[in-house]
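# Secondary and tertiary structure notes
So the chains spell out like this:
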Amino acid sequence: LVTNLHVINKNSEQNSEKGLSANATVDIEDICVYAYFDNAKINGKYVLFSLDVIAYDQTEDIAVLKFKNNFTHYNEASQKGERVVAIGNAFGYGLSVTTGIVSVPQMSGYYEIYGHNFIQTDCPINSGNSGGPLYGADGNVIGINSMGLSSDLTAYEDVNWAIPSASLTAFL
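Residues numbered from 1 in each chain as written. Predicted model: local features only at pLDDT ≥ 70, side-chain atom pairs only at ≥ 80, totals over all residues. Heavy atoms only, no water.

## Looking at the overall build of the protein chain
- Along the protein chain, the regular secondary structure elements total 4 helices and 12 strands.
- When burial is assessed residue by residue, the protein chain has 31% of its 172 residues classed as buried.
- A fraction of 42% describes how many contacts in the protein chain between residues 6 or more apart in sequence connect residues 24 or more apart.
- Entry remark: accessible area of the protein chain is about 10,700 Å², with carbon and sulfur atoms responsible for 52%. (Helix = DSSP H or I, 4+ residues; strand = E, 2+ residues; numbered from the N terminus. Buried < 20%, exposed > 50% of the residue type's maximum accessible area, 1.4 Å probe, protein only. Contact = heavy atoms within 4.5 Å. Areas by Shrake-Rupley, 256 points an atom, 1.4 Å probe, with all protein chains shown as cover.)

Here it is in structure tokens:
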């Protein structure tokens, strides 16, 4: 996660009161940083996720945080015939949502070029959808929308591919 340094800097308020920039002096030692999500509730109460400060830039007012919790928001595998949803910005027209099924969970046709298999789907992944999530039937991310191919090789429909979340896990 990325946030502003002044949000986690214990000295921000004191610096501002002295007429200095919020990050004139920085103290993040022994701070506790948490994140919560509106859809992450148990018995109506928010679940807090602990974060570590990985890096910060005092001048740019940026802090990089990493989740401490071991939790998953993705699935390592998809199944043939599984219903999928692709979210993106198709053709730059704004938020788009398309649906389809997994045709081939581990399509290896481009392995030599990309170094990983793809999830092949008939779910439209159009120009602008690249980089968006491909959700499986359970609501978890199973892949990263990547590319598509049509019968005339000019448009992005009919046969489409997503990078499996397992490849992202291996990369990270």
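On we go from here.
## Topic: the pairing of strand β8 (residues 96–107)
- Pairing analysis gives 6 bridges linking strand β7 (residues 83–88) to β8, with the strands arranged antiparallel. If you follow R83 over to β8, its bridge partner there is I101.
- Pairing of β8 with strand β9 (residues 118–121) involves 3 bridges; the strand directions are antiparallel. Each bridged residue has a counterpart across the sheet, and for V102 the counterpart in β9 is T121. (Pairing = 2+ DSSP bridges.)

## A look at the sheet that holds strand β5 (residues 49–57)
- Here we have 4 strands laid out as an open sheet, ordered β1-β6-β5-β2, and antiparallel in their pairing. A strand with exactly one partner marks an edge of an open sheet, and here the two such strands are β1 (2–3) and β2 (33–35).
- Pairing of β2 with β5 involves 3 bridges; the strand directions are antiparallel. What sits directly across from A35, in β5, is F49.

## Re the nonpolar core
- Counting residues in hydrophobic clusters, the biggest one holds 9 residues: V84, A86, V102, I119, C123, I125, L134, I142 and A162.
- With residues near it in sequence (within four places) discarded, V102 still touches S78, Q79, K80, G81, E82, V84, I119, Q120, T121 and I142.
- By size, the runner-up hydrophobic cluster in this structure holds 7 residues, among which are I8, L51, A63 and L65. (Core = buried A, V, L, I, M, F, W, Y, C linked by side-chain atoms within 4.5 Å.)

## Some remarks on the side chain of S96
- By secondary structure assignment, the location of S96 is in strand β8.
- In this structure, S96 is in contact with A86, I87, G88, N89, A90 and N129, ignoring residues within four places of it in sequence.

## What about a nonpolar patch on the surface?
- Taken together, the side chains of V2, I54, I62 and V64 make up a nonpolar region of the molecular surface, amounting to roughly 340 Å² of accessible area.
- Of note, V2 is situated in strand β1. (Patch = residues over 30% accessible without salt bridge, like charges linked within 9 Å, V, L, I, M, F, W, Y side chains within 5 Å. Salt bridge = Lys/Arg side-chain N within 4 Å of Asp/Glu carboxyl O.)

## So, the sheet that holds strand β11 (residues 141–149)
- Strand order in this closed barrel of 6 strands is β7-β8-β9-β12-β11-β10, and the pairing throughout is antiparallel. Taken over all neighbouring pairs, the strand axes of this sheet differ in orientation by 45° on average, direction set aside.
- In terms of strand pairing, β7 meets strand β10 (residues 133–135) through 2 bridges, oriented antiparallel. Along β10, the bridge assignment pairs A86 with L134. (Axes fitted to C-alpha atoms, helices over the stretch in contact; angles between N-to-C directions.)

## Looking at the pattern of salt bridges
- Per the counting criterion, the structure on display carries 1 salt bridge.
- The partner of K10 in a salt bridge is D27, and the shortest N-O contact between them spans 3.7 Å. Separated by 17 residues along the polypeptide, K10 in the loop between α1 (5–8) and α2 (12–17) and D27 in the loop between α2 and β2 bring together distant segments of the chain.

## A look at the packing of aromatic side chains
- In the structure shown here, the tally under the stated rule is 4 aromatic pairs.
- Each ring, one from Y110 and one from Y114, has its centre 6.2 Å from the other, and the planes form 80°; the classification is edge-to-face.
- What makes Y110 partly exposed here is its relative accessible area of 27%.
- Measuring from ring centre to ring centre gives 5.4 Å for Y110 and W161, while their planes differ by 85°; the resulting arrangement is edge-to-face. Of the two residues, Y110 sits in the loop between β8 and α3 (111–114) while W161 sits in strand β12 (residues 159–164), which places them 51 residues apart along the sequence.
- Classification of W161 as buried rests on a relative accessible area of 5%. (Phe/Tyr/Trp six-rings, centres within 6.5 Å; stacked < 30°, edge-to-face > 60°.)

That is the geometry; function is a separate question.
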